[in-house]
Amino acid sequence: MDEPETTPAAPQSDPVGDLGGPAAPVVRVERATDGIDPAAERWTRPPREGDRIAVLLHGLGSNEDDLFSFARFLPRDLVLVSLRGIFSYGPGWAWLDFPIDPRDREKLTASAVAIEEWAAAQAGTVVGAIGFSQGAILTYELLRRRVLPLEWIAPLSGAPFPGALPGDAELAADPVPAFWGHGGADPLFGPEVGELTRAWMREHTVLTEELSPALGHGVDEQVLGALIGFVEAHEAHEAQQA
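Keep in mind that this is a model prediction, so the values were computed, not measured.

*Asks:* Can you tell me about the environment of E209, naming the residues and giving the values?
*Replies:* One can find E209 in strand β10 (residues 205–212). Classification of E209 by relative accessible area gives partly exposed; the value is 26%. Engagement of the side chain of E209 in a polar contact is seen with the side chain of H182, the distance being 2.8 Å.

*Asks:* Tell me about the packing of aromatic side chains, and please be specific about residues and values.
*Replies:* Here the distance between the centres and the angle between the planes together describe a pair of aromatic rings. Enumeration over the complete set of coordinates arrives at five aromatic pairs. A centroid spacing of 6.1 Å and a plane angle of 85° characterise the contact between Y89 and F98, whose relative ring orientation is edge-to-face. Of the residues examined, Y89 reaches a relative accessible area of 12% and is grouped as buried. Ring centres 5.8 Å apart and planes at 40° place the aromatic pair F179 and F230 in the tilted group. On the criterion of sequence distance, the pair formed by F179 in strand β9 (residues 176–183) and F230 in helix α5 (residues 221–241) is long-range, its members being 51 residues apart. The pair F179 / F230 is uniform in exposure class, with both members buried. Each member of the aromatic cluster is reached from another via a ring pair, and the members are W152, F179 and F230.

Analysis parameters
Residues numbered from 1 in each chain as written. Predicted model: local features only at pLDDT ≥ 70, side-chain atom pairs only at ≥ 80, totals over all residues. Heavy atoms only, no water. Helix = DSSP H or I, 4+ residues; strand = E, 2+ residues; numbered from the N terminus. Buried < 20%, exposed > 50% of the residue type's maximum accessible area, 1.4 Å probe, protein only. Polar contact = N/O pair within 3.5 Å; in protein donor to acceptor, adjacent residues only side chain to side chain. Phe/Tyr/Trp six-rings, centres within 6.5 Å; stacked < 30°, edge-to-face > 60°.

The following block contains the structure:
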């Protein structure tokens, strides 16, 4: 595809507390819908039988409009859909708790199940997942659960949820291509988390990493350009095999 003249607005960052100001009101993550809300789906086009679908998963407090701006840069043969989290968080939406409790996977599991059930009802097949922050955590979880036939994932500014899953051993034996884009100045993911994430991905995926040294918790032109190249290369390979 042609090099984009402009890049989309960066995804809305998950909130970081203002430690120097007054205490913020408590915002709770609460269940809002039984499953994926069909009225909140944003598609590049309606899917047909045999279509390849990739899902776009937003971060905490955002919505289905956030990552949809990426769609115009990605391969047109790939049907893209941006979904809304099943939990409310203030005026926006979420996929799991905030702050995250590493001992409690309940909300993350509920979000994964909601997407798996939604995917089973679609005309095409969900083969890829792109997620930012909380959405990134969910892309890992969908891959690790081994329910969807994911051929690739692209977590941006996010790490796998702590703890092992039964599907991890199978994934290590048959790793899936993964793009990991993140910033070297991300206040939510320090060097230790970065090293742990890198080690996990090298063990369980075929990793393509793009580190933007000055980037905080977001997506810049460098990461977006590398993401586009990753998805284009994978989809071109699949088209040649068809």
